[in-house]
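Examining the three-dimensional arrangement
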Amino acid sequence: MQILTGKEVAEKVYETLQSDCNAFVEKYGFPPTLAVVLVGNDPASQSYVQGKKQACLSLGFGHRDYHLAQTTSQKELLDLIHELNEDKTVHGILVQMPLPAHLDADTVIQNIKVEKDVDGFHPQNVGNLLIGKHGFVSCTPLGVLQILDYYGIPVEGKHVVVLGRSNIVGKPMASLLMQKGRDATVTVCHSKTENLTSITVQADILIAAIGKPLFVTESMVKEGCIVIDVGINRVEDASRKRGYRLVGDVDYEHVSPHCKAITPVPGGVGVMTIAMLMKNTMQAALQLAQKETQ
Ligand code: NDP
């Protein structure tokens, strides 16, 4: 059984990004820059935003931090986004989700300039992905692909079962895998899927993204399958100083002996998401800088 460590893959991505960033700064005189907008004080969101800042700082990317009050109005948030859209020194814009309930996330996402939508959530980028055209792709599914590529796991002709159909993980994951060139046969399951186990046991590659701790058990996987665990769930653990530990959607301990390869949690897909965000930001910076100099 092989453990697919995202950390190893992310390190390679960062190595490449580091040299791309240096070359960019040398050529244009300013760094690729990411603006991160956080509304409110959700502790998990604060820690995600901090992780993104750290990644920018360690690579030498520019970083703009906007921490808005919980009571920020839709207009105030949209005004900031429009300002960032026009700011030539900002190449990527990320609004940390979830937003407080009084704000309309769809409208916010639609107002981010497509060329700066490094999260890949804008409907135009989502549409481009579906029709196989160039655009920004959601970072987590992109990270999964990068792991599969790095470890030389072929998907062509394979039956990939994706558990979860969210707009940020399940749907883009399925779209990426079924594209011409990738050529996987994809089944997408969700909470209304009947006889789930009868489907998951057919998977050559099982990708779990449902947000339910240890949901995938050994009876749900085929002997020798490849399991990618996207889930990040906090479960209470009094033995830990912080009172909880992170587990995936897969019961790693019991499932892993039956797999050919599996990603751990933590240290699997999670670390890839920020690496892919940085890669998207680099790409946005290159495209925008080239456009400016044309
Ligand atoms: P969502 O809650 O948006 O979506 C969950 C999906 O799982 C839904 O499509 C839901 O179905 C489906 N689902 C829920 N219960 C079941 C079930 N019993 N059987 C089958 N399908 C089920 O979650 P996300 O996609 O945002 O995230 C999924 C997981 O991935 C979470 O643990 C999250 O923390 C993690 N995550 C990790 C990231 C990373 O960086 N590694 C980034 C993003 C997310 P339905 O549509 O019918 O409700």
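Residues numbered from 1 in each chain as written. Predicted model: local features only at pLDDT ≥ 70, side-chain atom pairs only at ≥ 80, totals over all residues.

**What about the environment of Thr 217?**
Relative to the helices and strands, Thr 217 is located in the loop between β7 (205-208) and β8 (225-229). The class for Thr 217 is partly exposed, based on 13 C-beta atoms found within 10 Å. C-alpha separation for the pair Thr 217 and Val 250, spaced 33 residues apart in sequence, amounts to 6.6 Å. Look past the residues within four positions of Thr 217 in its chain and what remains in contact with it is Asp 251, His 254 and Val 255. (Helix = DSSP H or I, 4+ residues; strand = E, 2+ residues; numbered from the N terminus. Buried ≥ 20, exposed ≤ 12 C-beta atoms within 10 Å, placed from the backbone. Contact = placed C-beta atoms within 7 Å.)

**Quick look at the domain arrangement of the protein chain**
Domain boundaries in the protein chain define domain 1 (29-113) and domain 2 (139-271). Computed over C-alpha atoms only, the centres of domain 1 and domain 2 are separated by 28 Å. (Domains from an automatic or database assignment.)

**What about helix α2 (residues 43-59)?**
With 17 residues, α2 ought to run about 24 Å at 1.5 Å a step, and its terminal C-alpha atoms sit 25 Å apart, in line with that. Inspection of α2 places Lys 52, Ala 55, Cys 56 and Leu 59 among the buried residues, and these make up the whole buried set. The arc that holds the buried residues of α2, viewed along the axis, is 100 degrees, so those residues lie on one side. The exposed set on the far side of α2, more than 90 degrees from its buried face, consists of Pro 43, Ser 47, Gln 54, Leu 57 and Ser 58. The secondary structure elements touched by the buried residues of α2 are α1 (6-28), β2 (33-39), β3 (62-68) and α10 (270-293). Following α2 by one or two positions, Gly 60 adopts a phi angle in the positive range, close to 85 degrees. (Expected span 1.5 Å × (residues − 1). Arc of directions from axis to C-beta.)

**Comments concerning the UniProt feature "binding site: NADP(+)" (unreviewed entry) in the protein chain**
Under the feature "binding site: NADP(+)" (unreviewed entry), the UniProt entry names Gly 164, Arg 165, Ser 166 and Ile 232. By secondary structure assignment, the location of Gly 164 is in the loop between β5 (159-163) and α7 (170-178). Excluding residues that lie within four positions of it along the chain, Gly 164 makes contacts with Val 169, Gly 170, His 190, Ala 209 and Ile 210. Along the chain, Arg 165 turns up in the loop between β5 and α7. In this structure Arg 165 comes out as partly exposed when scored by C-beta crowding, with 18 C-beta atoms within 10 Å. (UniProt positions renumbered as here; feature names shortened; annotations may be inferred.)

**Side note on the nonpolar core**
One broad trend across soluble globular proteins is that nonpolar side chains are buried collectively. In terms of nonpolar packing, the biggest core is built from 87 residues, with Val 160, Val 162, Ile 207 and Val 227 touching the most fellow members. Of the residues forming this core, the biggest block, 10 residues, is contributed by α10. Counting residues domain by domain, this core receives three or more from each of domain 1 (29-113) and domain 2 (139-271). (Core = buried A, V, L, I, M, F, W, Y, C linked by C-beta atoms within 7 Å.)

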